[in-house]
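Chain by chain, the residues run as shown.
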Amino acid sequence: MARMKVTVAYDGTEFAGYQIQPSGRTVQGTIQAVLQKIHKGETVTISASGRTDAGVHAVGQVFHFDTDLQIPDEAWGKALNAMLPNDILIKKAEQVESTFHSRFSALSKEYHYKLLIRKQPDVFIRNHMFHYPYPLNVEDIKRAAKLFLGTHDFTSFSSAKSEVADKVRTIFELDAVEEGNTLVFKIRGSGFLYNMVRIIVGTLLEVGQGKRKPEEISAILEGKDRSLAGKTAPAHGLYLYQVNYEEKTE
């Protein structure tokens, strides 16, 4: 029995999310259906580093599965891509130790959130960037972003629907990068709660608009109350960019 580690990218626009569910098209369900065909009808379950919501994209999602088939690493990618729809792309497949787990072996994850900052929207990227027609004070955003760094209880930045008891997480990096008319939030942490990145972004946008002061972030974290933070930014601007299984060196 071989364990395969697979890195996959997908456009989340037409998916009801990553995780398989009773109804709706999902990333997991689509990939498992292809693996079942390759395995001649045998059910193959994939385990990912984490789930993404409807509309959320991935550049470097990781999943693993076990197989009895003896297929070279490169051939796995070719076989899967030949049968998968064009909004899913297998970027790499490699055999790993049986102890590897896509979720529990991860040391950190990195998400990017992309915004188009201009008055007029762009019809061609409307599903891949959040159009934000208001001017922003990026320096205030950067000042506020620094207050998220380190280990905190992120209850205020977690959806009320979250059933996770331990809401303590560590943020290693959080920056806002201007690239022409776009603003990209880049955040890397030990792990993330349900809607955590999108709530952080929504709150930082309120700071950028002058609705909040940068230093308010500390009080929001300490308050441990979802109602203290800002709105949840839309799903379509969010990308699971990378999952790290080794310590990231600067």
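Up top is the structure.
All residue numbers here refer to positions counted from 1 along the written sequence of the relevant chain. Local features are withheld for residues below a pLDDT of 70 in this predicted model, meaning they are given only at 70 or higher, and side-chain atom pairs are given and counted only at 80 or more; totals for whole chains, interfaces and linings count all residues. Hydrogens and waters are ignored; side-chain quantities use all the structure's heavy atoms.

Draft legend 1. Just the overall build of the chain, in detail. Along the chain, the regular secondary structure elements total 5 helices and 10 strands. The globule rule used for comparison is 2.2 Å times the number of residues to the exponent 0.38, while the radius of gyration itself is calculated over C-alpha atoms. Here the C-alpha atoms of the chain give a radius of gyration of 19 Å, agreeing with the 18 Å that 2.2 N^0.38 yields for 250 residues. Residue burial is assigned from relative accessible area. The probe radius is 1.4 Å, only protein chains are included, and a residue is buried under 20% of its type maximum, exposed over 50%, and partly exposed in between. Within the chain, buried positions represent 48% of all 250 residues. For the chain, the accessible surface area stands at approximately 12,800 Å², while carbon and sulfur atoms represent 49% of it. Working convention for charge: Lys and Arg count positive, Asp and Glu count negative, and His plus the chain ends are omitted. Each charge is placed at NZ for Lys, CZ for Arg, CG for Asp and CD for Glu. Counting 31 positive and 30 negative side-chain charges, the chain places the centres of these two groups 5 Å from one another. Numbering of helices and strands runs from the N terminus, with a helix taken as a DSSP run of H or I at least four residues long and a strand as a DSSP run of E at least two residues long. Where accessible areas are quoted, they stem from the Shrake-Rupley method and a 1.4 Å probe; at the residue level, only the protein chains shown are allowed to cover.

Draft legend 2. Representation of the pattern of salt bridges within the structure. For salt bridges, the criterion is a side-chain nitrogen of Lys or Arg within 4 Å of an Asp or Glu carboxyl oxygen. Summed over the entire model, instances satisfying the criterion amount to 12 salt bridges. Note that Asp-140 is salt-bridged to Arg-143, the shortest N-O span being 3.0 Å. Placement of the pair is Asp-140 and Arg-143 together in helix α3 (residues 138-146), with a separation of 3 residues, close to one helical turn. With relative accessibility at 47%, the residue Arg-143 sits in the partly exposed group. A network of salt bridges, in which partner residues are shared, links Lys-5, Lys-92 and Glu-94.

Draft legend 3. Broad picture of the nonpolar core. Among buried residues, the Ala, Val, Leu, Ile, Met, Phe, Trp, Tyr and Cys ones that are joined through side-chain atoms within 4.5 Å form a nonpolar core. Ranked by size, the top nonpolar core spans 66 residues in total, and within it Ile-31, Phe-63, Phe-65, Phe-154, Phe-157, Phe-185 and Ile-200 carry the most contacts. Sort the elements by how many residues they give to this core and helix α4 (residues 196-208) lands first, with 8 residues. Pairs of residues are marked as contacts when any of their non-hydrogen atoms sit within 4.5 Å. Residues in contact with Ile-31, not counting those within four places in the same chain, are Val-8, Ile-46, Phe-63, Leu-84 and Ile-88.

Draft legend 4. Quick peek at the side chain of His-112. Along the chain, His-112 falls in strand β5 (residues 108-117). You can call His-112 buried: its relative accessible area is 6%. Any pair of nitrogen or oxygen atoms within 3.5 Å is treated as a polar contact; in protein, a donor-acceptor pairing is required on top of that, and neighbouring residues in sequence qualify only through side-chain atoms on both sides. Within the local environment of His-112, its side chain forms a polar contact with the side chain of Glu-110, the two groups lying 2.8 Å apart. Here His-112 is in contact with Val-184, Phe-185, Lys-186, Gly-237, Leu-238, Tyr-239 and Tyr-241, once residues within four sequence places are set aside.

Draft legend 5. Focus on the pairing of β5. Burial of β5 is extensive: 8 of the 10 residues sit out of reach of the surface. Summarising the sheet, β5 and strand β10 (residues 238-244) pair through 6 bridges and their orientation is antiparallel. Pairing of Lys-109 across the sheet is with Val-243, part of β10. Strand pairing is assigned whenever DSSP identifies at least 2 bridges connecting the two strands. Sheet topology note: the β5/strand β9 (residues 182-189) ladder contains 8 bridges and is antiparallel. Across the sheet, residue Tyr-113 finds its bridge partner in β9, namely Phe-185. Strand direction decides the pairing type here: β5 and strand β6 (residues 130-132), joined by 3 bridges, are parallel. When the bridges of β6 are listed, Leu-116 appears paired with His-131.

Draft legend 6. Representation of α4. With 13 residues, α4 extends 18 Å from end C-alpha to end C-alpha; this agrees with the ideal 18 Å at 1.5 Å per step. Counted residue by residue, α4 has 13 buried out of 13 residues, so it is predominantly covered. Immediately beyond the C-terminal end of α4, within one or two residues, lies Gly-210, with a positive phi of roughly 85 degrees. Expected span, for any helix, means 1.5 Å times one less than how many residues it has.

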